[in-house]
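# Structural overview
Residues per chain, in single letters:
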Amino acid sequence: QKEVEQNSGPLSVPEGAIASLNCTYSDRGSQSFFWYRQYSGKSPELIMFIYSNGDKEDGRFTAQLNKASQYVSLLIRDSQPSDSATYLCAVKGGDDKIIFGKGTRLHILP
Amino acid sequence: DAGVIQSPRHEVTEMGQEVTLRCKPISGHDYLFWYRQTMMRGLELLIYFNNNVPIDDSGMPEDRFSAKMPNASFSTLKIQPSEPRDSAVYFCASSLVPQPQHFGDGTRLSIL
């Protein structure tokens, strides 16, 4: 059973600090990795994707991938109260199936 | 540009009834996905289409579930007969690539 694991949280971070969200996956053949943000009662929205080992930056967001450790993370710099949401990690395995983690709830403290 | 449109937004029905959920993808998107989200199981792929053809329906729970995409601008997910354990939020998503990019607002389904 291929799995994508995330800490459910809530992760509480002071406003202006860096929020670090982590995700591990079991399928070593995985090639593509995605982060979605989901506000309470709303639908998921794609915010980042990464295919290669290393870092990928987009504004305040940085995705980090370490395939050897089967680990992907999302860093949010200068956290804002509007960043409070559930963050879903999704992994596309070697069989092209996309599996979502159950998400980490992030709470930015004003 | 209109996003993915789902209807109805909420559905409450009794066990045993037929339920039909509808989705209009973003124009020009070749991929359409149906997902189900619950607290216990998270977001699960039920089925996805490419150019109106079902590609992977391995996530469809059982024969009570069926999905169709008769044309590029419309898809349905049908549950017959419905059961209380089908209660969930059902999302439709469309994309230009084989991963979900744009989700609809979802249908919150309650089976009593």
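Everything numeric here is computed off the predicted structure, so don't read it as measured data.

Once that is clear, we can look at the sheet that holds strand 3 (residues 19–24) of chain B. Residues and elements named next belong to chain B. Taken in spatial order, the four strands make up an open sheet running 1-3-8-7, and their pairing is antiparallel. Only two strands of the sheet have a single partner each, and these edge strands are strand 1 (5–7) and strand 7 (65–71). With strand direction ignored, the average angle separating the axes of adjacent strands in the sheet is 15°. One ladder, built from five bridges, connects strand 3 with strand 8 (residues 74–79); its direction is antiparallel. Counterpart to Arg 22 in the pairing with strand 8 is Thr 76.

Working definition: the covalent bond between the sulfur atoms of two cysteines is a disulfide. What the rule picks out here adds up to two disulfides over all chains. Each sulfur in the disulfide pair Cys 23 of chain A and Cys 89 of chain A lies 2.1 Å from the other. The S-S bond linking Cys 23 of chain A to Cys 89 of chain A shows a torsion near -75°; that makes this disulfide left-handed. Of the two residues, Cys 23 of chain A is situated in strand 3 (residues 19–25) and Cys 89 of chain A in strand 9 (residues 85–92); the sequence distance between them amounts to 66 residues. Residues Cys 23 of chain A and Cys 89 of chain A agree in their burial class; the two are buried. Across the disulfide, Cys 23 of chain B is cross-linked to Cys 92 of chain B (sulfur-sulfur distance 1.9 Å). Here the S-S torsion is close to -65°, and the disulfide linking Cys 23 of chain B with Cys 92 of chain B is therefore left-handed. With Cys 23 of chain B in strand 3 and Cys 92 of chain B in strand 9 (residues 88–95), this pair connects stretches of sequence that are 69 residues apart. Cys 92 of chain B shares its class with Cys 23 of chain B; the two are buried.

Turning next to the interface of chain A and chain B. In many reports, interface size means the accessible area that the parts give up when they come together. Taken together, the contacts link 14 residues of chain A with 16 residues of chain B. Taken over both partners, the interface formed by chain A and chain B buries close to 1300 Å², and the fraction arising from carbon and sulfur atoms is 51%. Counting the contacts that link chain A with chain B gives one salt bridge. Among the ionic pairs, Lys 97 of chain A bridges to Asp 56 of chain B, the shortest N-O distance being 2.5 Å. Counting the contacts that link chain A with chain B gives eight residue pairs in polar contact (both at pLDDT 80 or more). When residues of the side of chain A that touches chain B are traced back to their parent elements, those giving at least two are strand 4 (32–38), strand 9 and strand 10 (98–100) of chain A. Per element, the largest residue contribution to the side of chain A that touches chain B is three residues, and it comes from strand 4 of chain A.

Another aspect to go through is the pairing of strand 7 of chain B. Residues and elements named next belong to chain B. Where strand 7 and strand 8 come together, five bridges link them in antiparallel fashion. Across the sheet, residue Ser 66 finds its bridge partner in strand 8, namely Lys 78. Between strand 7 and strand 8, which follow one another and run antiparallel, lie two residues.

The rules behind each value
- The residue numbers shown here count from 1 along each chain, following its written sequence.
- Labels follow written order: the first chain is A, the first ligand is 1, and so on.
- At least 70 in pLDDT is required for a residue's local features to be given in this predicted model, at least 80 for side-chain atom pairs to be given and counted, and no such filter applies to totals for whole chains, interfaces and linings, which use all residues.
- Heavy atoms from the whole structure form the basis of all side-chain values; hydrogens and water molecules are not counted.
- Strand pairing is defined by DSSP finding a minimum of two bridges between the two strands.
- Each helix is a run of H or I in the DSSP string that is no shorter than four residues. Each strand is a run of E no shorter than two, and both are numbered from the N terminus.
- In this analysis, axes come from line fits to C-alpha atoms, helices being fitted only over the stretch in contact, and the angle between any two N-to-C directions falls in the range 0 to 180 degrees.
- The rule for a disulfide is simple: a pair of cysteine sulfur atoms within 2.5 Å.
- Only protein chains enter the calculation, and the probe is 1.4 Å; a residue is then buried if its accessible area is under 20% of its type maximum, exposed if over 50%, and partly exposed in between.
- Whether two residues are in contact is decided by their heavy atoms, any of which lying within 4.5 Å being enough.
- Simply put, the buried area is the total loss of 1.4 Å probe accessible area from both parts when two parts are fitted together.
- Within this document, salt bridges are pairs made up of a side-chain nitrogen of Lys or Arg and a carboxyl oxygen of Asp or Glu, the two lying within 4 Å of each other.
- Counting of polar contacts relies on pairs of N or O atoms within 3.5 Å, with two restrictions inside protein: one atom must be capable of donating a hydrogen and the other of accepting it, and residues adjacent in sequence are counted only when both atoms are side-chain atoms.

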